[in-house]
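Read off the chains here:
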Amino acid sequence: MQESNYLTHFLHNYWRQLTISLCLLSFVSLSSNVVASEASIEAKSTSRAWQNVEKRGTKQDVYFHAWGGDQQINNYIQWVAAEVKQKYQINLHHVKLTDTSEAVSRVLAEKAADNHRNGQVDLVWINGANFASMAKYQLLAADWAGELPNFELTNPINNPAMTRDFGVPTQGMEAPWGQAALTFYFDSLKVNDVPQTLPQLLTWSENHPGHFTYPKPPDFLGLSFLKYALIILSEKQPANIKEKLYQAATAESQAQLLPALWQFLDQLHPTLWRQGKHFVSNGLALRRLMGDTELQVSFTFSAAEIPSAISRYDLPDSTRSYRMQDGSLSNIHFVAIPYNSPHIEGAKLVANFLLSPQAQARKQQTAIWGDSSVLDLSQLTPEQKSLFDVNEKQHLSANIINIDNTRLLSELHPSWVKVITEQWLTRYGVQ
């Protein structure tokens, strides 16, 4: 009898536990189905939202305000125009700028005139300083970059550089489309003792007077050189002071960090081309001086510019590119949509195409532009990855040395651009 009661009790507990387990499994299965269903609904909703963008953006005219100072880049944008014309019947107009601030001023003037719906700028290639300015005055369309299907290919969750411009969160107001780093170049037949660090550059320029210079601010390339110099000259500062380069500039931080830059430039300028009494206006002028053999060492923000210039006979085939051993200023560049663009949907379609593997792979080709892709190749299909394999075979590596093992330096807080420009012009305001 006791054994019978024990067996009855055991069977009762067994069936009770089995019933609970089955109920739990059923609940988990139901929950999984609900989550999967919700994800499916969200995906379908996102797909429908993008389909609506495609529907509204097709056949629009899109005015893309972008720097027009390099023929390679201009040719690439013309190719993009042909592609989006075929894909979406979009008429992409490249409005060539000498400085991005031209587009910023235009949108700001439109806002002041209460033109909130019919602006003349639909898409703008923008840098960190101008992004900060436009965001401050609410001149940009908000929270749209995440809508782009190709934005996910940058793997933004694991690559925070795709959502920060000069250290400032983009908050969906910009989409990345390329990245570059400060790259130096020289004529290997004329220069044997190429400078590899900032102090070496000063010494080299003292020993070879008149054969180096940089563009005057506010030119982007000239400012890039000054920012590189400021970062290197600040490295011996305590960490809490160095970090101020990546924060909004204050009177205190300027007093702590800028004197070293002015002292360095006071030494460098007398050794420069035309003894630092005249500065060129942009990188194209630098390259021409190199081609005319007036300069022997120069720099660019696009490594591929050099082999391309060699192929066009703008530079001798003895020209070689390299990056400084003490570091190379690097940044991601973005496109943004002004808040009053009348063709926001068309601009989104163009921005999404700029992030496509097809467009990114073509842009990375040395013969086309050589601008590094912002895509995370691990997010691509084997077929998409193969587009970049082709580019590697086409890369003119014979003209580039120690380019890959480079210490990349982060861009400063955008407020430093105005500070450096104004103080440089006050101290060295020359033609």
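What counts, and where the lines are drawn
- Residues numbered from 1 in each chain as written.
- Predicted model: local features only at pLDDT ≥ 70, side-chain atom pairs only at ≥ 80, totals over all residues.
- Heavy atoms only, no water.
- Helix = DSSP H or I, 4+ residues; strand = E, 2+ residues; numbered from the N terminus.
- Buried < 20%, exposed > 50% of the residue type's maximum accessible area, 1.4 Å probe, protein only.
- Contact = heavy atoms within 4.5 Å.
- Phe/Tyr/Trp six-rings, centres within 6.5 Å; stacked < 30°, edge-to-face > 60°.
- Lys NZ or Arg CZ within 6 Å of the ring centre and 35° of its normal.
- Pairing = 2+ DSSP bridges.
- Right-handed = clockwise from strand over helix to strand, strands pointing away.
- Polar contact = N/O pair within 3.5 Å; in protein donor to acceptor, adjacent residues only side chain to side chain.
- Expected span 1.5 Å × (residues − 1).
- Salt bridge = Lys/Arg side-chain N within 4 Å of Asp/Glu carboxyl O.

Trainee: Is there a simple way to explain the overall build of the chain in this structure?
Mentor: Assigned secondary structure in the chain consists of 14 helices and eleven strands. In the chain, buried positions account for 48% of the 431 residues. When contacts within the chain are restricted to residue pairs at least 6 apart in sequence, long-range pairs at least 24 apart make up 82% of them.

Trainee: Help me understand unusual backbone geometry, please; the structure alone is not making it clear to me.
Mentor: The general pattern is negative phi for most residues beyond glycine and trans for most peptide bonds. A cis geometry characterises the amide bond from P217 onward to P218, with omega recorded as 15°. By secondary structure assignment, the location of P218 is in the loop between helix 5 (198–207) and helix 6 (220–233). The phi angle at D114 is positive, at roughly 60°, despite the residue not being glycine. Mapped onto the elements, D114 comes out in the loop between helix 3 (101–112) and strand 3 (123–126).

Trainee: Which parts of the structure should I look at to understand the packing of aromatic side chains?
Mentor: Each aromatic ring pair is specified by the distance between its two centres and by the angle formed by the two planes. Tallying each qualifying case throughout the model produces 22 aromatic pairs. Between W125 and W177 the ring centres are 5.2 Å apart and the planes differ by 90°, which places this aromatic pair in the edge-to-face class. Placement of W125 in strand 3 and of W177 in strand 6 (residues 174–181) is noted, with a sequence separation of 52 residues between them. Taken together, the ring pairs connect F184, F186, F212, Y214, F225, Y228, W262, F279, F299, Y322, W424 and Y428 into an aromatic cluster. A cation sits over an aromatic face here: K111 above Y339, 5.7 Å from the ring centre.

Trainee: Would you mind showing me how to read the pairing of strand 1 (residues 61–67) here?
Mentor: When a strand is regular, its side chains alternate between the sheet's two faces. Pairing between strand 1 and strand 2 (residues 91–97): seven bridges, direction parallel. Bridge pairing links Y63 to H93 in strand 2. In terms of handedness, the path from strand 1 via helix 2 (residues 71–88) over to strand 2 forms a crossover that is right-handed. Across two bridges, strand 1 lies against strand 3 in parallel orientation. Of the residues in strand 3, the one forming a bridge with F64 is L123.

Trainee: Can you help me understand the side chain of Q360 in this one?
Mentor: Position of Q360 relative to the elements: it lies in helix 12 (residues 357–364). You can call Q360 buried: its relative accessible area is 0%. For Q360, the side chain forms a polar contact with the main-chain oxygen of W177, separated by 3.0 Å. Polar contacts involving the side chain of Q360 include one to the main-chain amide nitrogen of V374, which spans 2.9 Å.

Trainee: Explain the side chain of Q254 here, please?
Mentor: As for its placement among the helices and strands, Q254 is situated in helix 8 (residues 251–268). Leave out the neighbours within four places in its chain, and Q254 touches A249, P259, W416, V419 and Q423.

Trainee: I keep staring at helix 3 and nothing clicks. Help me out?
Mentor: Residues lying three or four places apart along an α-helix face the same way, a consequence of the helix completing one turn every 3.6 residues. The first and last C-alpha atoms of helix 3 sit 16 Å apart over twelve residues, in line with the 16 Å expected at 1.5 Å per residue. Along its buried surface, helix 3 packs onto strand 1, strand 2, strand 3 and helix 4 (128–136).

Trainee: Would you explain the pattern of salt bridges in this entry?
Mentor: Oppositely charged side chains may form a pair once their charged atoms are brought near each other. Per the stated rule, a full pass over the model turns up ten salt bridges. Ionic pairing is found between D187 and K190, a salt bridge with its closest N-O pair at 3.3 Å. One salt bridge connects E252 with K244, and the closest N-O pair in it is separated by 3.7 Å.

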